[in-house]
Amino acid sequence: MKMLLHIIIVLALLHIGQSPLAAANRVLALDGTGDYVELPTGIFADLTEATVEAWVRWEKLSNYGQVFGFGSQSRSMGINTWENSNALQFFIYDKNRSLHLISTTRYYDYDSASPFLDTYDRSRWAGDLLTGQWRHIAAVSGPGGMKLYLDGVLVAERAYAGSFAAVGDTTRNLIGASHWYSNGPFNGQIDEVRVWNKARSQAEIRAGMQAALQGEEAGLVGLWNFDGTCGEDQSPSGYHGTLFGDAHCIEVPRPAGQEQRPAVVYGTVRDAAGRRLAHARVRVEREGVLQAHTWSDSSGHYSLMLAACAGCDLAADAGALGAWQLGLDWSAGQRERRERRLDAAPQ
């Protein structure tokens, strides 16, 4: 009996001693007044493919507020917001200062002879980035193309095959700050910044989003989880960051998504003869109320992100051509291909 009581007491003491450590989670807190973390120069410059992930909580959106960036001005790779909007974009400026960009709500068509920049009411989805909520972001680059994930859902992609190596020298590497001094500051919290030396799949990203990494995982070459010394790299690389301004770490529960996962509808817009149509407007409505919209690129491709939607209508039009498809359903996290073929609109 005494032995059993002794074992119970020891186990209870161990539980008391360990539970705070098990429950503790710290994140990087930045209040938008010049706070950021700078990582060592020259890191990851030889990577021809990579995945960069982070949990992010925006408290206030700012003009091109940057979550992270590697390189220098006009020669860099990173994720920021579009202007002051809730649109997220993943960009790579290569060694020639050419911009390759994908976004949750708009597109840049830099591959055509006459670049078309969307200057209309830009495609949108009200749930892109909501302040005060944790969202998981992942930027994948390399031979398989650029891919942008939001909460584990592929929301944008393009065929550009560059990565860190295409940028060249990574002279300034920042968490929570921009390479452009005219851009706004990041205001919010960041956790679990991870860099992998491979292009991770959607399944791998989803499986690892909520996992607490140890730093020894295969392919992991950078891990800033802010649980130890604030800004310390927990991977074997040892790329420890330096804190600037009032950047500091605070204890909060582990980030978790707010079930805002988008649905994605994508495809190609063509005319009745099968020719691809550039700059066709594609939109989703529900009971006559616009839910989301975008435009096709120079190859006729479109990609549209929206909230889960039941009984929605998908429409596309280009000049006198148009087409409707009624009564469609999309669930959170669903990604569906819908080809659009436009005929002459009825008079």
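What counts, and at which threshold
- Residues numbered from 1 in each chain as written.
- Predicted model: local features only at pLDDT ≥ 70, side-chain atom pairs only at ≥ 80, totals over all residues.
- Heavy atoms only, no water.
- pLDDT = per-residue confidence, 0-100.
- Contact = heavy atoms within 4.5 Å.
- Disulfide = S-S within 2.5 Å.
- Helix = DSSP H or I, 4+ residues; strand = E, 2+ residues; numbered from the N terminus.
- Buried < 20%, exposed > 50% of the residue type's maximum accessible area, 1.4 Å probe, protein only.
- Pairing = 2+ DSSP bridges.
- Axes fitted to C-alpha atoms, helices over the stretch in contact; angles between N-to-C directions.
- Polar contact = N/O pair within 3.5 Å; in protein donor to acceptor, adjacent residues only side chain to side chain.

A. The arrangement of the confidence of the model for the protein in detail. Averaged over all residues, the pLDDT of the protein is 85; the fraction at 70 or higher stands at 84%. Here residues 7-23 is modelled with pLDDT under 50, and outside its nearest four sequence neighbours on either side it reaches zero contacts, counting other chains as well. A low-confidence stretch, residues 107-127 (pLDDT under 50), is modelled with 51 contacts involving residues beyond four sequence positions or located in other chains.

B. Quick peek at the state of the cysteines. For the coordinates displayed, the defined rule picks out two disulfides. With a sulfur-sulfur separation of 2.0 Å, Cys230 is cross-linked through a disulfide to Cys249. Every disulfide takes its handedness from the sign of the S-S torsion; for Cys230 and Cys249 that torsion is 75 degrees, giving right-handed. Of this pair, Cys230 sits in the loop between strand E15 (220-224) and strand E16 (242-244) while Cys249 sits in strand E17 (residues 248-251), placing them 19 residues apart in sequence. Considered together, Cys230 and Cys249 belong to a single accessibility category, that of buried residues. Shown here is the disulfide that connects Cys309 with Cys312, its sulfur atoms set 1.4 Å apart. In this structure, Cys309 and Cys312 share a single accessibility class: buried.

C. Region of interest: the sheet that holds E16. An order of E7-E6-E5-E4-E13-E2-E16 is seen for the seven strands of this open sheet, with the pairing classed as antiparallel. Bordering the open sheet on either side are strand E7 (99-103) and E16, each of which pairs with just one other strand. Each strand of the sheet is rotated relative to its neighbour by a mean of 15 degrees, with strand direction disregarded. Here strand E6 (residues 88-93) pairs with E7 via five bridges, running antiparallel. Considered in E7, the bridge of Tyr93 is made with Leu99.

D. The arrangement of the side chain of Asn25 in detail. Along the chain, Asn25 turns up in the loop between helix H1 (2-23) and strand E1 (26-31). Looking at Asn25, the relative accessible area reads 1%, which means it is buried. Here Asp191 takes part through its side chain, which lies 3.2 Å from a polar atom of the side chain of Asn25.

E. Representation of the side chain of Glu38. For Glu38, the location among the structural elements is in strand E2 (residues 36-39). Judged by relative accessible area, Glu38 falls into the buried class, the value being 19%. A polar contact of 3.3 Å, which involves the side chain of Glu38, links it to the side chain of Arg172. The residues touching Glu38, leaving out its near neighbours within four places in the chain, are Arg172, Asn173, Leu174, Gly241, Thr242 and Phe244.

F. The arrangement of the pairing of strand E25 (residues 340-344) in detail. With three bridges connecting them, strand E18 (residues 263-271) and E25 associate as parallel partners. Looking at E25, one finds that Val269 is bridged to Arg340. Bridging between strand E23 (residues 321-330) and E25 involves two bridges; their strand directions are antiparallel. Opposite Gly322, over in E25, you have Asp343 as the bridge partner.

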